[in-house]
Amino acid sequence: MQTSDREFTVDIARAIVTPVDPQMLSYLEADAEAYFADPREALAASRRPTELGSGVEVAVGVTTVALYVAQAALDVVLEESIKKGVDGIRGFLNRRRKPGNELAGRADVPTFTDEQIDLAAAAVTAVARGRGLDAAAATTLATAVRDRLPRRPAPPSGD
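Residues numbered from 1 in each chain as written. Predicted model: local features only at pLDDT ≥ 70, side-chain atom pairs only at ≥ 80, totals over all residues. Heavy atoms only, no water.

Remarks on the environment of leucine 25
Rule in force here: Numbering goes from the N terminus for both helices and strands, where a helix is a DSSP run of H or I of at least four residues and a strand is a run of E of at least two. In this analysis, two residues are considered to be in contact whenever any of their non-hydrogen atoms come within 4.5 Å of each other.
Along the chain, leucine 25 turns up in the loop between helix H1 (3–20) and helix H2 (28–37). Aside from chain neighbours lying at most four places away, what touches leucine 25 is Arg14, Val17 and Thr18.

So, the confidence of the model for the protein chain
Our working rule: Confidence scores per residue from the predictor, reported as pLDDT, run from 0 to 100.
Residues of the protein chain with pLDDT of at least 70 account for 72%, and the chain-wide mean is 77. Averaged pLDDT values over the elements of the protein chain bottom out at 43 in strand E2 (residues 56–58) and peak at 91 in H2.

Topic: the packing of helix H6 (residues 114–130) against helix H7 (residues 135–148)
To keep things clear, this is the line we draw: Every axis in this analysis is a line fitted to C-alpha atoms, fitted for helices over the stretch in contact. Angles between the N-to-C directions lie between 0 and 180 degrees. Under this scheme an angle from 65 to 115 degrees is roughly perpendicular, one under 35 degrees roughly parallel, and one over 145 degrees roughly antiparallel; angles in between are oblique. The hand of a helix crossing depends on one turn: near helix anticlockwise from the far one by less than a right angle means left-handed, and clockwise means right-handed. Each residue is assigned to one class: nonpolar for Ala, Val, Leu, Ile, Met, Phe, Trp, Tyr, Cys and Pro, charged for Asp, Glu, Lys and Arg, and polar for all the others, Gly among them.
One way to put it is that H6 packs onto H7 with a least axis distance of 8 Å and a crossing angle of 150°. By the angle between their axes, H6 is roughly antiparallel relative to H7. As for how H6 packs across H7, the hand of that crossing is right-handed. The residues of H7 that touch H6, namely those facing Ile117, Asp118, Ala121, Val124, Thr125, Ala128 and Arg129, are Ala135, Ala138, Leu141, Ala142, Val145 and Arg146. For the contact of H6 with H7, the class distribution of residues is 9 nonpolar, 1 polar and 3 charged.

Considering the environment of aspartate 11
For clarity, the threshold we go by: Burial classes: relative accessible area under 20% of the type maximum marks a residue as buried, over 50% as exposed, and values in between as partly exposed (1.4 Å probe, protein chains only). Here a polar contact is recorded for every N or O atom pair within 3.5 Å, except that within protein the pair must consist of a potential hydrogen donor and a potential acceptor, and residues adjacent in sequence are included only if both atoms are side-chain atoms.
Considering the arrangement of structural elements, one finds aspartate 11 in helix H1. The class for aspartate 11 is partly exposed, based on a relative accessible area of 22%. Distance in space between the C-alpha atoms of aspartate 11 and alanine 70 is 8.6 Å, their sequence separation being 59 residues. Not counting chain neighbours up to four residues away, the residues in contact with aspartate 11 comprise Val127 and Arg131. There is a polar contact of 2.5 Å between the side chain of aspartate 11 and the side chain of arginine 131.

Brief notes about the pattern of salt bridges
Stated formally: The rule for a salt bridge is simple: a side-chain nitrogen of Lys or Arg has to be within 4 Å of a carboxyl oxygen of Asp or Glu.
Under the criterion given, the structure shown has 6 salt bridges. Two residues, arginine 6 and glutamate 33, come together in a salt bridge whose shortest N-O distance is 2.6 Å. Taken together, the residues span a long stretch of sequence, with arginine 6 in helix H1 and glutamate 33 in helix H2 at a distance of 27 residues. Residue arginine 6 is classed as partly exposed on the basis of its relative accessible area of 25%. Residue glutamate 33 is classed as partly exposed on the basis of its relative accessible area, which comes to 48%. When the shortest N-O distance is used, the salt bridge between arginine 146 and aspartate 118 registers 2.5 Å. A residue pair is termed long-range when its members are at least 10 positions apart, and arginine 146 in helix H7 and aspartate 118 in helix H6 qualify at 28 residues. For arginine 146, a relative accessible area of 30% gives the class partly exposed. Each of Asp11, Arg14, Glu29 and Arg131 takes part in a single network of salt bridges with overlapping partners.

Structure follows, in structure tokens:
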């Protein structure tokens, strides 16, 4: 990953973490170093349990999840740009590893409320626009973040 891509990924992760758990921002740079060194290991690594607003303890930190989601969202934007602009690159897209959702169904991964996801998506849009992305690309990026953040299940209904 090029430095500018990495910085953009960290900026997006910061935009995700800030409205969700601002105290975790102090861990972002160190977690980014570990994440970019080996993303799979960072997602699998057991950390000290972190309490997320609801009192639920999680082993994978909010910052690591934000980095994963930011990188996956940027991949979506990159893929959309490539699809629109270059037909001859299709072989590259076919060979390229499509990221699955390595966070799905894991009990040790923090989940986010709809409100937190909305705040993170709005912050990602602002960061993307500030980085010079046009409105459509910024919206695609924010939507990709929104779609990939692990959503907190709705509370059971009283029925």
